[in-house]
Amino acid sequence: AAVLHQQGHLSEAEYYTQQALNKLADAPVSSLLVVCYHNLAVHTLVQQRLADSVAHVRAYVALLRQLPKLGNAWMQQVDNTQWLILKSQEMWPQFQQMQGIRDSQAVTKFGH
């Protein structure tokens, strides 16, 4: 999935990550399950599906609470992703407004 994501095949990367998550559905809580939700959060954010991304963040944060303490470097990466996605959620209305302004300017300028 990571290779597909890097190559810009975002929906395929999401699909394979979701398949891994489905395989782990009946397994005990593990860091691998957290990684699947984390990666889904990133895949969906890049596709501008913010609600899905936030839902995946909430899922992996809830799972983290059930796991014993993980390494600091690993936790820092997960915390950074959580901050980035929640900040994106906070700024999403402003982004959409700016997109609307740009889109309307393109229509005016090019007559589309």
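Residues numbered from 1 in each chain as written. Predicted model: local features only at pLDDT ≥ 70, side-chain atom pairs only at ≥ 80, totals over all residues. Heavy atoms only, no water.

Here alanine 55 is to be found in helix α4 (residues 50-66). On a C-alpha basis, the gap between alanine 55 and leucine 40 in space is 9.7 Å, while along the polypeptide they are 15 residues apart. (Helix = DSSP H or I, 4+ residues; strand = E, 2+ residues; numbered from the N terminus.)

One non-glycine residue, glutamine 48, adopts positive backbone phi at about 60°. On the secondary structure map, glutamine 48 appears in the loop between α3 (31-46) and α4.

The next thing to look at is the packing of helix α2 (residues 10-24) against α3. The geometry of α2 relative to α3 is characterised by a closest axis approach of 9 Å and an angle of 155° between their N-to-C directions. Comparing the axis directions of α2 and α3 gives the class roughly antiparallel. Both α2 and α3 take part in a crossing whose hand is left-handed. Between α2, through Leu10, Ala13, Glu14, Thr17, Gln18, Ala20, Leu21 and Leu24, and α3, the contact on the second element is made entirely by Leu32, Leu33, Cys36, Tyr37, Asn39, Leu40, His43, Thr44 and Val46. Residues belonging to the contact of α2 with α3 are distributed by class as follows: 11 nonpolar, 5 polar and 1 charged. (Axes fitted to C-alpha atoms, helices over the stretch in contact; angles between N-to-C directions. Parallel < 35°, antiparallel > 145°, perpendicular 65-115°, else oblique. Left-handed = near helix turned anticlockwise from the far one by under 90°. Contact = heavy atoms within 4.5 Å. Nonpolar A, V, L, I, M, F, W, Y, C, P; charged D, E, K, R; others polar.)

Going through the model one piece at a time under the given rule, you end up with 3 salt bridges. Close ionic contact of arginine 49 with glutamate 14 constitutes a salt bridge, the shortest N to O distance being 2.6 Å. On the criterion of sequence distance, the pair formed by arginine 49 in the loop between α3 and α4 and glutamate 14 in helix α2 is long-range, its members being 35 residues apart. Across the pair aspartate 52 and arginine 49 runs a salt bridge, and its minimum N-O distance is 2.9 Å. Arginine 49 sits in the partly exposed class, given a relative accessible area of 29%. A cluster of three or more residues bridged by salt bridges with shared partners is formed by Glu14, Arg49 and Asp52. (Salt bridge = Lys/Arg side-chain N within 4 Å of Asp/Glu carboxyl O. Buried < 20%, exposed > 50% of the residue type's maximum accessible area, 1.4 Å probe, protein only.)

Next up on the list: the packing of aromatic side chains. Going through the model one piece at a time under the given rule, you end up with 2 aromatic pairs. Ring geometry for tyrosine 15 and tyrosine 16: centres 5.1 Å apart, planes at 80°, overall edge-to-face. (Phe/Tyr/Trp six-rings, centres within 6.5 Å; stacked < 30°, edge-to-face > 60°.)

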